[in-house]
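# Summary of structural features
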Amino acid sequence: KGKGLFATKNIRKGETVFVERPVVSSQFLWNALYNYRACDHCLRALETAEENAQRLLGKSSLVLPHPEQCSIRKDLHQQCPRCQVMYCSAECRQAALEQYHQVLCLGPSRDDPTHPLNKLQEAWRNMHYPPETSSIMLMARMVATVKQAKDKEWWIKAFSQFCSKTANEEEEIVHKLLGDKFKGQLELLRLLFTEALYDEHLSRWFTPEGFRSLFALVGTNGQGIGTSSLSQWVHACDALDLPMLQREELDAFIDQLYKDIEKESGEFLNCEGSGLYVLQSCCNHSCIPNAETSFPENNFLLHLTALEDIEAGEEICISYLDCCQRERSRHSRNKILRENYLFTCSCPKCLAQADDADVTSDEEEEGEGETDDAELEDEMTDV
């Protein structure tokens, strides 16, 4: 997917390689149903750490110690006066208004199921169940940004630098969501997308092939954005200078809290939306990456951090797979990469395992008996 990004100087392990803001980003639609838990522009968490923990634990009586370590400022929160979309600050509300929100603001139609934008969002939710990893609204914000822009060609050029291949002809791979069994769903999305957002400057994005390319663009380049007020609170608590006994008690409390949350809500996830990042999208994949992305500022600012020393001239690689996926067999890893990113991996780990049998990992073998409908739902979820 990437064009390749190379170190211009020696980078030490733990050092920040770069910090980047997205060209465009969007909150996940399922999250938006749950009281806009994140700023609709920068995706900063809007819940306090205590509210975040209470929701994930399903326990409204939970009280977190050291509440002063929570950085959420509810007194700064603002909403769009017309559609009530929530923002973490006046600055974010204004930035959204200036870039795309004038086009996307539903105003008094926010609860009207017949409004074209609401129809588009509802169709997406019916096809793409949580946990989401992409959003039709990322595409909508791209269109809205161009519609509002004075220099439309600049923005079109900015979006055109992202990979939008729908297939890899050399390896005969088609993106898994663009195959025959999804044709009906894609065509429905395209018609609704056109009804809600058509723009003459972007007419090619609304054609069947152009829409497929746009869909592939957000599918292969969309970076999940993780923000969490609870995570921020934990980091702040870790930095507290406490007497040994108090430190042990606080650490034990936090450990138990995460165990209880995992029991109640599954593995703790803090992914609020997705965005398109120019530099991050240039990074190629490795199953043994030398850098990783994170969101330590609790908003959409992406930090790329070195996992090991990287020498000048060496390629900076990230992993397109999560930690669990990286532990799967070479065959399983490449199945995910081929379906989602249209390539076969030849990183050092995959080359070293080239003679391994082409068998899937246990997790995939267990799911082989699922029906086609179940597989289709899972694949729509995995975009």
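Just so you know, these numbers come straight off a predicted model, no measurement behind them.

### A closer look at the overall build of the chain
- Along the chain, the regular secondary structure elements total 16 helices and 12 strands.
- Scored against the burial criterion, the 383 residues of the chain give a buried share of 50%.
- Carbon and sulfur atoms make up 50% of the accessible area of the chain, which amounts to about 18900 Å² in all.

### Digging into the pattern of salt bridges
- One pass over the full model with this rule turns up 13 salt bridges.
- With a closest N to O distance of 2.6 Å, Asp-40 and Arg-141 form a salt bridge. Taken together, the residues span a long stretch of sequence, with Asp-40 in the loop between α1 (29-33) and α2 (49-57) and Arg-141 in helix α5 (residues 136-148) at a distance of 101 residues. Both residues of the pair, Asp-40 and Arg-141, belong to the buried class.
- Glu-47 is the partner of Arg-55 in a salt bridge, and the nearest nitrogen-oxygen pair spans 2.7 Å.

### Here's the deal with helix α7 (residues 183-197)
- Over its 15 residues, α7 extends 21 Å from the first C-alpha to the last, a length consistent with the 21 Å expected when each residue adds 1.5 Å.
- Among all positions of α7, only Leu-186, Leu-189, Arg-190, Leu-192, Phe-193 and Leu-197 are buried.
- Looking at the buried positions of α7, the neighbouring elements they touch are α3 (90-104), α4 (116-127), α5 and α8 (208-221).

### Examining the sheet that holds strand β1 (residues 16-20)
- Spatial ordering of the open sheet is given by β1-β11-β10, a layout of three strands whose pairing is antiparallel. Two strands in the sheet have a free side with no partner beyond their single neighbour: β1 and β10 (291-294). Strand-to-strand twist of the sheet, defined as the mean angle between neighbouring strand axes without regard to direction, takes the value 20 degrees.
- Pairing of β1 with strand β11 (residues 302-306) involves four bridges; the strand directions are antiparallel. Paired with Phe-18 across the two strands is Leu-304, which belongs to β11.

### Quick look at the nonpolar core
- Judged by nonpolar contacts, the single largest core of 80 residues is most densely connected at Ile-136, Met-142, Phe-159, Leu-189, Phe-193 and Leu-197.
- Considering every element that reaches this core, the biggest residue donor is α5, with nine residues.
- Counting 18 residues, the second largest nonpolar core, distinct from the first, contains Cys-70, Leu-242, Leu-250 and Leu-257.

### Remarks on the packing of aromatic side chains
- Counting across every chain of the model gives 10 aromatic pairs.
- Between Trp-124 and Phe-215, the aromatic rings sit 6.1 Å apart at their centres with planes inclined by 65 degrees, giving edge-to-face as the arrangement. With a gap of 91 residues between them, Trp-124 in helix α4 and Phe-215 in helix α8 connect regions that are remote in the sequence.
- Residue Phe-215 is classed as buried on the basis of its relative accessible area of 3%.
- Three or more aromatic residues link up through ring pairs in this structure, and these residues are Trp-124, Phe-193, Tyr-198, Phe-206, Phe-211 and Phe-215.

### Observations concerning α8
- For α8, spanning 14 residues, the distance from its first C-alpha to its last is 20 Å, which sits close to the expected 20 Å at 1.5 Å a residue.
- Within α8, 11 of the 14 residues are buried, leaving the element largely enclosed by the surrounding structure.
- Here α8 has its buried residues at Gly-210, Phe-211, Ser-213, Leu-214, Phe-215, Ala-216, Leu-217, Val-218, Gly-219, Thr-220 and Asn-221.

### Overview of the packing of α5 against helix α6 (residues 152-160)
- Close contact between α5 and α6 brings their axes to 8 Å; oriented N to C, the two are set at 155 degrees. Of the possible angle classes, the one that applies to α5 and α6 is roughly antiparallel. The two elements α5 and α6 meet at a crossing, and its hand is right-handed. Two secondary-structure elements touch here, α5 through Met-142, Thr-145, Val-146, Lys-147 and Gln-148 and α6 through Lys-152, Trp-155, Ile-156 and Phe-159.
- Class assignment of the residues belonging to the contact of α5 with α6 gives a composition of five nonpolar, two polar and two charged.

### So, the side chain of Ser-229
- Position of Ser-229 relative to the elements: it lies in helix α9 (residues 229-238).
- Leaving out residues up to four positions away in the same chain, Ser-229 has contacts with Ala-45, Glu-47, Thr-48, Ala-49, Asn-52, Ile-72 and Asn-298.

### Considerations on the packing of α5 against α7
- As a packed pair, α5 and α7 sit with axes 11 Å apart at the nearest point and diverge in direction by 30 degrees. Considered as vectors, α5 and α7 are oriented roughly parallel to each other. Of the two elements, α5 crosses α7, and the hand of that crossing is right-handed. Contacts from Ile-136, Met-139, Ala-140, Val-143 and Lys-147 of α5 reach α7 at Leu-189, Phe-193 and Leu-197.
- Partitioned by chemical class, the residues of the contact of α5 with α7 number seven nonpolar, no polar and one charged.

### Details of the confidence of the model for the chain
- For the chain, the average pLDDT comes to 85, and 84% of its residues sit at 70 or higher.
- Mean pLDDT across the elements of the chain ranges from a minimum in helix α16 (residues 372-381), with 39, to a maximum in α3, with 97.

### Considering the environment of Met-139
- Note that Met-139 resides in helix α5.
- Along the primary structure Met-139 and Phe-193 are separated by 54 residues, whereas in three dimensions their C-alpha atoms are 9.1 Å apart.
- With residues up to four places along the chain from it excluded, the contact list for Met-139 reads Phe-193, Phe-211, Leu-214, Phe-215 and Val-218.

What counts, and where the lines are drawn
Counting from 1, residues in each chain are numbered in the order their sequence is written. Owing to the predicted nature of the model, reporting of local features is limited to residues with pLDDT of at least 70; listing and counting of side-chain atom pairs is limited to 80 or more, with chain, interface and lining totals taken over all residues. Hydrogens are left out, water is left out, and the side-chain values use all remaining heavy atoms of the structure. Helix numbering and strand numbering both begin at the N terminus, where a helix is a DSSP run of H or I of at least 4 residues and a strand a DSSP run of E of at least 2. Three exposure classes are used, based on accessible area relative to the maximum for each residue type with a 1.4 Å probe and protein chains only: buried under 20%, partly exposed in between, and exposed over 50%. Using a 1.4 Å probe, the Shrake-Rupley method yields the accessible areas, and only the shown protein chains count as cover for residues. Salt bridge criterion: a side-chain nitrogen from Lys or Arg within 4 Å of a carboxyl oxygen from Asp or Glu. A helix's residues, less one, multiplied by 1.5 Å, set its expected span. Contact criterion: two residues are considered in contact whenever any of their non-hydrogen atoms come within 4.5 Å of each other. Two strands are counted as paired when DSSP detects at least two bridges linking them. Axes here refer to lines fitted to C-alpha atoms; in helices the fit is confined to the stretch in contact. Angles between the N-to-C directions go from 0 to 180 degrees. Take the buried residues of types Ala, Val, Leu, Ile, Met, Phe, Trp, Tyr and Cys, join any two whose side-chain atoms come within 4.5 Å, and each joined set is a nonpolar core. The aromatic pairing rule takes the rings of Phe, Tyr and Trp, using the six-membered ring of Trp, and pairs them if the centres are within 6.5 Å, calling planes under 30 degrees apart stacked, those over 60 edge-to-face and the rest tilted. Small angles under 35 degrees read as roughly parallel and large ones over 145 as roughly antiparallel, with 65 to 115 read as roughly perpendicular and the rest as oblique. Helix crossings are classified by the rotation of the near helix relative to the far one: an anticlockwise turn of less than a right angle makes the crossing left-handed, while a clockwise turn makes it right-handed. Three classes are used: nonpolar for Ala, Val, Leu, Ile, Met, Phe, Trp, Tyr, Cys and Pro, charged for Asp, Glu, Lys and Arg, and polar for all others, with Gly counted as polar. Known as pLDDT, the predictor's confidence for each residue is given on a scale from 0 to 100.

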